[in-house]
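Coordinate analysis (summary)
For reference, the chains in residue letters:
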Amino acid sequence: MDLVCDKLGVTEPCTTADAILPNQVPGKTYWLGHRLAEHEAEGGGDNGLLCECEFVTRPMLDAFLDRHPGCSLDDVRRGTRLGMGPCQGGFCTFRALGIMNDMSVISPEQSMEMLRGFLQRRFRGIRYALWGDQLREEQLVEYIYLGILAMEKPQ
């Protein structure tokens, strides 16, 4: 980023090491277990669970959509971590898009366009690293989207 700033003529000092990310506590690193602990404190269960890998629940998605009307699936991913776990959104993205569609945040056409773009970008980023169990999981996700959801194969 220092090189980019130099090229753009930005002279502000870098604050990345000192800036606290949204919803984080100073001096603490990200810990996925806090979501599970909060969920268990509220009675637990998997009724509202959308993303098993990152433990994103329906109330979390609803709250994010309320705060960010007109957002995209990538915005949801960045804001909630939905789709950032080991399955890389293979099992939760279509759930989130269905909810966004039901809430009239997006149209059915936008849903398919967002899903297609999300999957293509995700595959482009992971295809060279796939091996063993990860490759098998990615093939399962591909079969779900190509077979069950009748989407075309990414280019």
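All figures in this text were calculated on a predicted structure; none of them were measured in a lab. (Residues numbered from 1 in each chain as written. Predicted model: local features only at pLDDT ≥ 70, side-chain atom pairs only at ≥ 80, totals over all residues. Heavy atoms only, no water.)

**So, the packing of aromatic side chains**
- Inspection of every chain in the model, using the stated rule, returns 1 aromatic pair.
- Summarising the aromatic geometry, the rings of F94 and Y145 are spaced 5.9 Å apart at their centres and angled 80 degrees between planes, so their arrangement reads as edge-to-face. You can see F94 sitting in helix α5 (residues 93-102) and its partner Y145 sitting in helix α7 (residues 132-148), a full 51 residues away along the chain.
- You can call F94 partly exposed: its relative accessible area is 31%.
- The buried category is assigned to Y145, whose relative accessible area is 4%. (Phe/Tyr/Trp six-rings, centres within 6.5 Å; stacked < 30°, edge-to-face > 60°. Helix = DSSP H or I, 4+ residues; strand = E, 2+ residues; numbered from the N terminus. Buried < 20%, exposed > 50% of the residue type's maximum accessible area, 1.4 Å probe, protein only.)

**Focus on the side chain of T80**
- Mapped onto the elements, T80 comes out in helix α4 (residues 73-80).
- Given a relative accessible area of 4%, T80 falls into the buried group.
- Polar contacts involving the side chain of T80 include one to the main-chain carbonyl oxygen of V76, which spans 2.7 Å.
- At 3.2 Å, the side chain of T80 and the backbone nitrogen of L82 are in polar contact. (Polar contact = N/O pair within 3.5 Å; in protein donor to acceptor, adjacent residues only side chain to side chain.)

**Remarks on the confidence of the model for the protein chain**
- Confidence in the prediction of the protein chain, expressed as mean pLDDT, is 83, and 91% of residues score 70 or more.
- Within the protein chain, no element has a lower average pLDDT than helix α2 (residues 33-41), which sits at 79, and none a higher one than helix α3 (residues 58-67), at 93. (pLDDT = per-residue confidence, 0-100.)

**Observations regarding the packing of α3 against α5**
- One way to put it is that α3 packs onto α5 with a least axis distance of 11 Å and a crossing angle of 50 degrees. Judged by the inter-axis angle, α3 sits oblique to α5. Helix-helix and strand crossings are classified by hand; for α3 and α5 the assignment is right-handed. Residues R58, L61, D62 and L65 of α3 touch α5, and the partners they reach there are A96, I99 and M100. (Axes fitted to C-alpha atoms, helices over the stretch in contact; angles between N-to-C directions. Parallel < 35°, antiparallel > 145°, perpendicular 65-115°, else oblique. Left-handed = near helix turned anticlockwise from the far one by under 90°. Contact = heavy atoms within 4.5 Å.)

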